[in-house]
Amino acid sequence: MRICRFNDDSLGLVLGDTVADVSSVLAGAGTVPAWPMPAGDWLIKNLESLKAPVREAAKSARRFPVDEVIFRSPVANPTKIIAAPVNYLAHQSEVNADKAVNFGTQVKTIESAGLFLKANSSLVGASEGVRLRRDDRRHDHEGELVVIIGKRGRDIAEADALDHVAAYAVGLDMTARGPEERSLRKSLDTYSVVGPWLTTPDEVADPDDLDLTLCVNGEVRQRTNTSRMIFGTRRLIAYASSFYTLYPGDILFTGTPDGVARVNPGDEMFVKIESVGAMTVKVLP
Ligand code: MN
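Residues numbered from 1 in each chain as written. Predicted model: local features only at pLDDT ≥ 70, side-chain atom pairs only at ≥ 80, totals over all residues. Heavy atoms only, no water.

Caption draft 1: Quick peek at the side chain of E142. With respect to the helices and strands, the residue E142 is situated in the loop between strand 8 (139-140) and strand 9 (143-149). Separated by 3.1 Å, the side chains of E142 and R177 make a polar contact. If near-sequence neighbours (up to four positions away) are discounted, E142 is found in contact with H91, G171, L172, D173, T175, R177, K186, Q222, T256 and V260. (Helix = DSSP H or I, 4+ residues; strand = E, 2+ residues; numbered from the N terminus. Polar contact = N/O pair within 3.5 Å; in protein donor to acceptor, adjacent residues only side chain to side chain. Contact = heavy atoms within 4.5 Å.)

Pasting the structure below:
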């Protein structure tokens, strides 16, 4: 099942090359909480019980062509965006070989660097585009598999980790290069792109065996399989939950492979992950 938020916060079910507007199920739900909102994303928390009404509503819903809708971030209100730093060995090698990327520090892998957080205000959907700031910096693409947490949990065992997944999505962990902490350089407005939709786990046989490709202006820059991650999806969830309580809608960027490189205004990024989806994201002029 592929669920999206599109245009003016409409709820969509993606069916082939069309998006069915199933927003009516939200009006029928009638339980969207008022202030103070409980932690976590209401839609993701209730996703399981909304699936049947969404399927039913889609039968008579108005449909839009996929390439004519504006995809917003499919998660509206995460409590946090967690990200894995160097989680592919080939990416560690390229970072440590390039001063324009490492700024004189030898970069460690996730095993000693742990995780970091990106600001929620950096979150956008695929159609919203990335707007570069700080002209004095190099800005890079990082294509990544994204995990959306479905239910609250802490100290989650690796064996149970996938039970906590609501969906997968395609992600871009945009990065300004420089000597500062990652959370500063990766939290600029629009620097966390998630989309184009949520793909539920029944469509993804194994999150740790997915081909990932990123192209810029049609040229392949990153290509890997998620089996090459140092911490696989289960271990990432377990590890994150040993530090933070995870809430419905929390977003986990799983790390990028080698091939990171600069983007410029006007570029068009295309990221595709097997079984999950593909999104085109513009670098705004
Ligand atoms: Mn990254």
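Now that the structure has been shown, the text picks up again.
Caption draft 2: Representation of the coordination of the manganese ion in the model. For the manganese ion, the protein coordination sphere consists of E142 (OE), E144 (OE) and D173 (OD), at 2.0 to 2.1 Å. The sequence motif formed by the donor residues of the manganese ion is E-x1-E-x28-D. Taken together, the residues E144 in strand 9 and D173 in strand 10 (residues 165-173) connect sequence positions 29 residues apart. Under the relative-accessibility criterion, E144 is labelled buried at 0%. D173 sits in the buried class, given a relative accessible area of 0%. (Donors = N, O, S within 2.8 Å, 3.2 Å for Na, K, Ca; no water. Buried < 20%, exposed > 50% of the residue type's maximum accessible area, 1.4 Å probe, protein only.)

Caption draft 3: Main features of the packing of aromatic side chains. Scanning all chains against the criterion turns up four aromatic pairs. Seen in terms of ring centroids, Y239 and F243 are 5.3 Å apart; in terms of plane orientation they differ by 70°. Their pairing is edge-to-face. Residue classification places Y239 among the partly exposed residues on the basis of a relative accessible area of 24%. Pairwise contacts between aromatic rings join F231, Y239 and F243 into one cluster. (Phe/Tyr/Trp six-rings, centres within 6.5 Å; stacked < 30°, edge-to-face > 60°.)

Caption draft 4: Here's a closer look at the side chain of N225. Secondary-structure assignment places N225 in strand 14 (residues 219-225). When residues no more than four places from it in sequence are discounted, the contact partners of N225 are Y88, D208, D209, L210 and D211.

Caption draft 5: Seen up close, the sheet that holds strand 13 (residues 211-216). The strand order across the open sheet formed by four strands is 14-13-16-17, and the pairing between neighbours is antiparallel. Where the open sheet ends on each side, the last strands, each with one partner, are strand 14 and strand 17 (277-282). Looking at each pair of strands side by side, their axes are set apart by 10° on average, direction ignored. The pairing of strand 13 with strand 16 (residues 268-273) spans five bridges and is antiparallel. What sits directly across from L212, in strand 16, is I273. (Pairing = 2+ DSSP bridges. Axes fitted to C-alpha atoms, helices over the stretch in contact; angles between N-to-C directions.)

Caption draft 6: How the structure looks around the layout of surface pockets. When its volume is computed, the largest pocket comes out at roughly 500 Å³. Every residue lining the largest pocket is counted, 29 residues in all, and those nearest its centre are T105, V107, E180, R182 and R185. Looking at the lining of the largest pocket, the elements that each hand over two or more residues are helix 4 (89-96), helix 5 (99-102) and helix 7 (182-185). Looking at side-chain class alone, the lining of the largest pocket contains 11 nonpolar, eight polar and 10 charged residues. (1 Å grid on protein atoms, 1.4 Å probe; cavity = no way out; pocket = protein on both sides within 12 Å on 5 of 7 lines; lining within 4 Å. Points joined across faces, edges and corners; volume = space filled by probe spheres on them. Nonpolar A, V, L, I, M, F, W, Y, C, P; charged D, E, K, R; others polar.)

Caption draft 7: The arrangement of the pairing of strand 3 (residues 18-21) in detail. Here strand 2 (residues 10-15) runs beside strand 3; their pairing, made up of four bridges, is antiparallel. Counted as the bridge partner of G12 is D21 from strand 3. Here strand 2 folds back onto strand 3 in antiparallel fashion, the turn holding two residues, of which G16 has a positive phi close to 60°. As judged from the three bridges shared by strand 3 and strand 4 (residues 63-65), these two strands associate in the antiparallel manner. Bridging across to strand 4, T18 finds its partner in P65.

Caption draft 8: Molecular detail of helix 3 (residues 47-58). Counted at 1.5 Å a residue, the expected span for helix 3 with its 12 residues is 16 Å, and the 15 Å between its end C-alpha atoms agrees. When helix 3 is considered as a whole, its buried residues turn out to be L47, L50, K51, V54, A57 and A58. Summarising the axial view, the buried residues of helix 3 lie within an arc of 140°, below the 170-degree limit, and thus occupy one face. Pointing more than 90 degrees away from the buried face of helix 3 are the exposed residues S49 and A52. (Expected span 1.5 Å × (residues − 1). Arc of directions from axis to C-beta.)

Caption draft 9: Up close: the nonpolar core. Judged by nonpolar contacts, the single largest core of 50 residues is most densely connected at L172, I237 and M269. If you list the elements that add at least two residues to this core, you get strand 1 (2-6), strand 9, strand 10, strand 12 (192-199), strand 13, helix 8 (233-241), strand 16 and strand 17. Looking at which element gives the most residues to this core, the answer is strand 10, with four residues. Residue contributions to this core reach at least three from each of two domains, namely domain 1 (2-68) and domain 2 (81-284). Apart from residues lying up to four places away in sequence, M269 is in contact with V130, H141, L172, M174, C215, V216, V263, M279, T280, V281 and V283. Counting residues in each nonpolar core, the second largest holds 30 residues, with A83, A167, A169 and F253 among its members. (Core = buried A, V, L, I, M, F, W, Y, C linked by side-chain atoms within 4.5 Å. Domains from an automatic or database assignment.)

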